[in-house]
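Structural features, examined
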Amino acid sequence: MDMHITDIKNPEINHENDPENMSLHERPSISIRAKVAISFSLFFILSFTVTGWSYWILTKLETKIDFLEIADNYMAEIQQARRFEKNYLLYSTDLEEALEHLKTADAILKQKNEQIEKILEKEHFKTMVTYMSKYHNQLVLLRSAKNDKEKELIVPMLRQFGSQMVSFAGEFVEKEQISAKRMFLLAKRVPLYFMSVLFVLMSFVLMFLARQLLLTLNRFMEYTKRIGEGDFSPILPARKYKDEFTKLAEAFNHMIKELDHKHNVLLESHKLRAIGTLVAGVAHELNNPLNNTLLTASMLTEDFHTLSEEEKMEMVNDVINETERAQRVVKNLLDFAREGETAIAPLEIGKIVEDSTRLVVNQVKFAKVNLELNCETNLPRIHGDEQKLKQVFVNLILNAVDVLTPGGQIRIHVQKDQTPGYVLVTVKDNGPGIPEHIQGRIFDPFFTTKAQSKGTGLGLSVSQGIIKKLGGYIHLTSNPDKGTIFTVSLPTTESASEIMSK
Amino acid sequence: MSKPLEVLLLDDEPIVGRRLKPALVKIGCRVEVFENPREAVARIGQKEFDIVVTDIRMEEMDGLQVFKHVQEKWPRTKVIMITGYAKIDLAREAMGKGVFDFIAKPFRPDDLRQIIANAAEALGAPIDFSSMGDELVEA
Ligand SMILES: Nc1ncnc2c1ncn2[C@@H]1O[C@H](COP(=O)(O)OP(=O)(O)OP(=O)(O)O)[C@@H](O)[C@H]1O
Ligand SMILES: [Mg+2]
């Protein structure tokens, strides 16, 4: 495990500049890390705001409570003062007590003036102080009044200022009480709001991230499946931006390139083997024209003077014809074996299949089986690489030859597919068929039931790779008693361009 | 030189018969040429040949089957196999079974003449190979 991790971290592994990764790379980058970071910062900012706000509101509440306490004391004092004032007027008690209480109230205002000012604002505070001092003045006047008449004059003013003072303070206290209550309620509810918003946000982010991760993982699962089936085309961008998965895709593309390379090596080695097999047949086939030429030329020299002109002419013509026959025998194989880059070109599928049957003609003859080729005329052309397609059909026919006993039948049909835009080649034999339990494995590389010197097990795997690359498919229908049918379907030139551009 | 050697030549390549017939006639053989193994086998059923020369690989019936027919019917007859180079193993095996000799394609007319001369000697009717000396030297 550790090794893998260090492998991935290895900075040398950088496939950004590989040509197959260009399209992956030409996108803006939004990494998963960035997404996670953004979501977390959002959460953090949200929590921070809410916490800060709570702190602020609690401090405010604190000052309000402080104020209410002070205001309560103050109210008590001035109410007390008024009570004594009333007593004085009704029962002529001492007025000193009233003044005493007023003094305490004044002290409270003086002492806590900052706190009170903060809440009342300067203006109101001033009004309050003014009301109180007016009341105080009246009280002092009242105390110094000499007779009832004088008193009568002061009392209405005193009452007015007194009640103004009390009601002004009372109003404020009430207002502050209501506002404090409201703040309490808010402070109680905000965590609940916060929780619900957080919950919604979190589920949304989670869903979004999980969906993205899952979708991407699914896509990569598709890729591995596709690669497993031998489709080695590079991964193309599926989203508008890059992230950590882009690195993975780049690594995938690198792997695909390597696999494709390895696949080509296998393909080449399988082809060499096939050529080896075919060469044995061709060498044998060559013996006949060579023998005819040698015999004719020998007899021509031996009897040169006794032969008629006509006979000589016939013999020379035989030599020419047999040489050409030899040329034909090797030409097909040479075409197939020729090295070098081959190109994708529009091809006549019928001719490819016919050439393939001609390549294996000796193997078919040795095995004493019959090969029948049925080709629809006027088939649309297909896109493909001539040699590689021949390699596919040669392998299919040789596979059939290998399982047939003398007298067996191979039937090849070339026709239009029922799916429009495709042509179909079926290679059918009446051999023993393929047992069900190995049907799933015959396309695996190196799977073979043949002796080591006879088969490498690369044929079908390589063939599948070739056909898949051309946008076609190859599949198998086999029945233990009725033999085997391999079906190859290939897109025609018109549809091929569409498929390739997908 | 008494009776001529009776030779049956079977090869599905027509040119082989066309060229070898005059070549063998020159060394005193009487040659019948066949391209079709069934017709050849039918003829063998009728007539005892001294020597049968047959290709080993043919479409309908192979040389070994022809050899079996000959062996059953005329045990005295010498059979010579013509083979492709690739089938030399098969030919060796055939020799173990009683085939007189084999010759691999491509060969010269003289190569076959030599083997036929050997067969004639084995049959106790040697042919005078040197009577053809002049032509052979030229060849
Ligand atoms: N027509 C068929 N009938 C029965 N079995 C078949 C047929 N075609 C293929 N098979 C089975 O599939 C296996 C794989 O075939 P494949 O062409 O991939 O490899 P191979 O023929 O064994 O080796 P190679 O092609 O390299 O010589 C064969 O070994 C054989 O068991
Ligand atoms: Mg095979």
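Please read these numbers as outputs of a predicted model, since none were measured by experiment.

Parameters at a glance
Residues numbered from 1 in each chain as written. Chains lettered and ligands numbered in written order. Predicted model: local features only at pLDDT ≥ 70, side-chain atom pairs only at ≥ 80, totals over all residues. Heavy atoms only, no water. Helix = DSSP H or I, 4+ residues; strand = E, 2+ residues; numbered from the N terminus. Buried < 20%, exposed > 50% of the residue type's maximum accessible area, 1.4 Å probe, protein only. Contact = heavy atoms within 4.5 Å. Pairing = 2+ DSSP bridges. Axes fitted to C-alpha atoms, helices over the stretch in contact; angles between N-to-C directions. Salt bridge = Lys/Arg side-chain N within 4 Å of Asp/Glu carboxyl O. Donors = N, O, S within 2.8 Å, 3.2 Å for Na, K, Ca; no water.

Now for the environment of Glu59 of chain B. Checked against the element boundaries, Glu59 of chain B lands in the loop between β3 (51-55) and α3 (63-73). The exposed category is assigned to Glu59 of chain B, whose relative accessible area is 55%. In this structure, the C-alpha to C-alpha distance between Glu59 of chain B and Asp12 of chain B, residues 47 residues apart in sequence, is 8.3 Å. For Glu59 of chain B, the contacting residues outside a window of four places in its chain are Lys365 of chain A together with Asp12 of chain B.

So, about the sheet that holds strand β5 (residues 422-429) of chain A. Across a sheet, strands are paired by hydrogen bonds formed along the backbone, either parallel or antiparallel in direction. All names here are of chain A. Read across the open sheet, the five strands follow the order β2-β4-β5-β7-β6; overall the sheet is mixed. Edge positions in the open sheet fall to β2 (370-375) and β6 (473-479), since each of these has one partner strand only. Within this sheet the neighbouring strands show an average axis-to-axis angle of 15 degrees, counted without direction. Of the strands in this sheet, β2, β4 (409-416), β5 and β7 (483-491) touch helix α9 (residues 349-359), which is tilted by about 170 degrees from β2.

To continue, consider the pattern of salt bridges. The full count for this structure, using the stated rule, is 39 salt bridges over all chains. With its nearest N and O atoms 2.8 Å apart, the salt bridge here joins Asp106 of chain A to Lys110 of chain A. Pair noted here: Asp106 of chain A and Lys110 of chain A are both in helix α4 (residues 96-111), with a separation of four residues, about one helical turn. Between Asp55 of chain B and Lys105 of chain B there is a salt bridge; the shortest N-O distance is 3.4 Å. On the criterion of sequence distance, the pair formed by Asp55 of chain B in strand β3 and Lys105 of chain B in the loop between β5 (101-104) and α5 (109-123) is long-range, its members being 50 residues apart. Each member of the pair, Asp55 of chain B as well as Lys105 of chain B, is classed as buried. One continuous salt-bridge network, built from bridges that share partners, spans Lys351, Glu354, Asp355, Arg358, Glu386 and Lys390 of chain A.

The subject of this paragraph is the coordination of the magnesium ion (ligand 2). Residues and elements named next belong to chain A. Looking at the magnesium ion (ligand 2), the protein donor atoms are Asn395 (OD1) and Asn399 (OD1), and they sit 2.1 to 2.2 Å from it. Linking Asn395 with Asn399, this pair stays in helix α11 (residues 386-403), spanning four residues, or about one helical turn. Taken as a pair, Asn395 and Asn399 share a single burial class, namely buried.

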